[in-house]
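So the chains spell out like this:
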Amino acid sequence: MAEKGVKLFGLWASPFSLRVEWALKLKEVDYEFMDEDLQNKSQELLHYNPITKKIPVLVHNGKPLAESTVIVEYVDEAWPNGYRIMPQDPFERAQARFWARFAEDKCVPAVFNVSINSGEELKKAIKEAQEVLKTLEKALEGKKFFGGETIGYLDIVAGWMPCWLRMIEEIAEITVVDAETLPLMNAWFDNFLEVEVVKRSLPPKDKLYAFNRARREQFLSGQ
Ligand SMILES: N[C@@H](CCC(=O)N[C@@H](CS)C(=O)NCC(=O)O)C(=O)O
């Protein structure tokens, strides 16, 4: 008999596990959060995700699923009542998946490059990040959120950026997104950070900033 309930193997400082937490919270699903030490992964995590050995992993009634974007779609389908994460219209759903893939393939590496560079390399990384974010802005035209009036799938997938990029800007003393260069993105950052579910599930600011400040210093010193 499979273990009943919902367990999320994640990491408090991971934007990827945060996506799954947002989805579960929007659906009002109770879950147990297993905070992993990625330097010393639990036997349970390795058992449930022997393929990539990465977090997040959602275990629902004993059955594990990996990959945050896959899990978010699963959560929407497995708990069909209440909050709608995926658009109902097939065309809009396909569009949301297209942009989510774009955000994953282009924005994740671009923002990561900003976070680990300094000097000329940092300037180049900022420009590249602004270019991909300008493209992603097209999906925001005429809307408060990517999902329309409320947050949806693409907001959840891209939602780490308002928090992480604002943090990187502060730590590295730079500006990537502002009202002049990326007005729609800038407004979305503010709107997204005001969403109740988002506000109450972000990691403690001081702890997160200290963690990422140390990570940046480690990258800059080439360790
Ligand atoms: N594409 C994956 C990325 C997950 C990921 O990179 N997880 C990192 C933590 S943020 C991890 O588990 N790293 C441990 C490792 O690579 O061994 C997703 O969206 O779920």
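What counts and what doesn't
Starting from 1, residues in each chain are numbered consecutively following that chain's sequence as written. Per-residue local features are limited, in this predicted model, to residues with pLDDT of at least 70; the limit for side-chain atom pairs, both in listing and counting, is 80 or more; totals at the level of whole chains, interfaces and linings are taken over all residues. Computation of side-chain values: all heavy atoms of the structure, hydrogens and water removed. These domain limits were set by an automatic method or by a database of domain assignments. Note on definitions: a residue-residue contact is assigned when non-hydrogen atoms from the two residues lie within 4.5 Å. Throughout, buried area stands for the accessible area (probe radius 1.4 Å) lost by two parts on being put together, summed over both. In this analysis an axis means a line fitted to C-alpha atoms, helices contributing only their contacting stretch, and an angle means the value between N-to-C directions, from 0 to 180 degrees. Put simply, DSSP marks the helices as runs of H or I at least four residues long and the strands as runs of E at least two long, and each gets a number from the N terminus on. By the definition adopted for this analysis, an angle is roughly parallel if under 35 degrees, roughly antiparallel if over 145, roughly perpendicular if from 65 to 115, and oblique otherwise. Crossing chirality is assigned from the near helix's rotation relative to the far helix, an anticlockwise turn below a right angle marking it left-handed and a clockwise turn marking it right-handed. Under the grouping applied here, Gly and all other residues not named as nonpolar or charged are polar, the nonpolar ones being Ala, Val, Leu, Ile, Met, Phe, Trp, Tyr, Cys and Pro and the charged ones Asp, Glu, Lys and Arg. Residues are classed as near a molecule or strand on a simple rule: at least one heavy atom within 4 Å of it. Counting of polar contacts relies on pairs of N or O atoms within 3.5 Å, with two restrictions inside protein: one atom must be capable of donating a hydrogen and the other of accepting it, and residues adjacent in sequence are counted only when both atoms are side-chain atoms. Only the protein chains shown count as cover for residues, and the accessible areas themselves come from Shrake-Rupley with a 1.4 Å probe. UniProt positions are given in the numbering used here, feature names are shortened, and annotations may be inferred rather than shown by experiment. One speaks of a salt bridge when a side-chain nitrogen belonging to Lys or Arg is within 4 Å of a carboxyl oxygen belonging to Asp or Glu. Burial classes follow relative accessibility: with a 1.4 Å probe on protein chains only, a residue under 20% of its type's maximum area counts as buried, one over 50% as exposed, and anything between as partly exposed. Planes of paired rings set the category: under 30 degrees apart is stacked, over 60 is edge-to-face and the rest tilted, where pairs are Phe, Tyr or Trp rings (Trp by its six-membered ring) whose centres lie within 6.5 Å. Look at NZ for Lys and CZ for Arg. If either is within 6 Å of the ring centre and within 35 degrees of the ring normal, a charge sits over the ring.

Overview of the domain arrangement of the chain
Parsing the chain into structural domains produces domain 1 (6–78) and domain 2 (90–220). Relative placement of domain 1 and domain 2: their C-alpha centres are 22 Å apart. Taken together, the contact between domain 1 and domain 2 spans 14 residues of the former and 19 residues of the latter. Both faces considered, domain 1 and domain 2 share a buried interface measuring about 1,700 Å² in area, 73% of it formed by carbon and sulfur atoms. Of all residues in domain 1, the largest losses of buried area upon contact with domain 2 belong to Trp-12, Arg-19 and Trp-22, amounting jointly to 41% of the total for that side.

Examining the packing of helix 4 (residues 90–116) against helix 5 (residues 119–137)
Interhelical geometry of helix 4 versus helix 5 gives an angle of 160° and a closest axis separation of 8 Å. If you check the angle between helix 4 and helix 5, you find them roughly antiparallel. The interaxial crossing formed by helix 4 with helix 5 has left-handed handedness. Contacts from Trp-99, Phe-102, Ala-103, Lys-106, Cys-107, Ala-110, Asn-113 and Val-114 of helix 4 reach helix 5 at Leu-122, Ala-125, Ile-126, Ala-129, Val-132, Leu-133, Thr-135 and Leu-136.

Some words on the packing of helix 7 (residues 160–172) against helix 10 (residues 205–220)
In contact at an axis separation of 10 Å, helix 7 and helix 10 are set at 60° when each is read in the N-to-C sense. Seen along the crossing, helix 7 lies across helix 10 with a hand that is right-handed. Packed against helix 7, whose contacting residues are Cys-163, Trp-164, Arg-166, Met-167, Glu-170, Ile-171 and Ala-172, the element helix 10 presents Lys-205, Leu-208, Tyr-209, Asn-212, Arg-213 and Arg-216 at the interface. Partitioned by chemical class, the residues of the contact of helix 7 with helix 10 number seven nonpolar, one polar and five charged.

Description of the site of the ligand
The ligand sits among Ser-14, Phe-16, Arg-19, Leu-38, Lys-41, Lys-54, Ile-55, Pro-56, Glu-67 and Ser-68. Between Lys-41 and the ligand, the recorded distance is 2.5 Å, taken from a side-chain N or O atom to an oxygen atom. One of the side-chain N or O atoms of Ser-68 is found 2.6 Å from an oxygen atom in the ligand. Considering the ligand on its own, with 520 Å² of exposed area, one finds that the protein chains cover 73% of that surface.

A look at the UniProt feature "domain: GST C-terminal" (unreviewed entry) in the chain
Mapped onto this numbering, the UniProt entry annotates "domain: GST C-terminal" (unreviewed entry) at residues 89–211. Between the first and last C-alpha atoms of residues 89–211 the distance is 40 Å; the span itself is 71% helix and 0% strand.

Quick word on the pattern of salt bridges
Considering all chains together, one arrives at ten salt bridges under this definition. With a shortest N-O distance of 2.9 Å, Lys-7 and Glu-44 are connected by a salt bridge. In this pair, Lys-7 sits in strand 1 (residues 6–10) while Glu-44 sits in helix 2 (residues 43–48), placing the two residues 37 residues apart along the sequence. Take Lys-7: its relative accessible area is 11%, and that puts it in the buried class. The exposure class of Glu-44 is partly exposed, given its relative accessible area of 29%. A salt bridge links Glu-104 to Arg-19; the shortest N-O distance between them is 2.8 Å.

Focus: the packing of aromatic side chains
In total, this model carries ten aromatic pairs according to the counting rule given. Aromatic side chains Trp-12 and Phe-211 sit 5.3 Å apart centroid to centroid with 70° between the ring planes, which places their arrangement in the edge-to-face category. Placement of the pair is Trp-12 in the loop between strand 1 and helix 1 (15–26) and Phe-211 in helix 10, with a sequence separation of 199 residues. On the accessibility criterion, Phe-211 (33% relative accessible area) is partly exposed. On the basis of an interplanar angle of 45° and a centroid distance of 5.4 Å, the ring pair of Trp-188 and Phe-192 is categorised as tilted. Of this pair, Trp-188 and Phe-192 both sit in helix 8 (residues 183–193), four residues apart, which is roughly one turn of the helix. Phe-192 gets classed as buried once you look at its relative accessible area, which sits at 0%. Through pairs of rings, three or more aromatic residues link up here, namely Trp-22, Phe-146, Trp-188, Phe-189 and Phe-192. The residue whose ring lies beneath Lys-207 is Trp-12, and the NZ or CZ to ring-centre distance is 4.2 Å.

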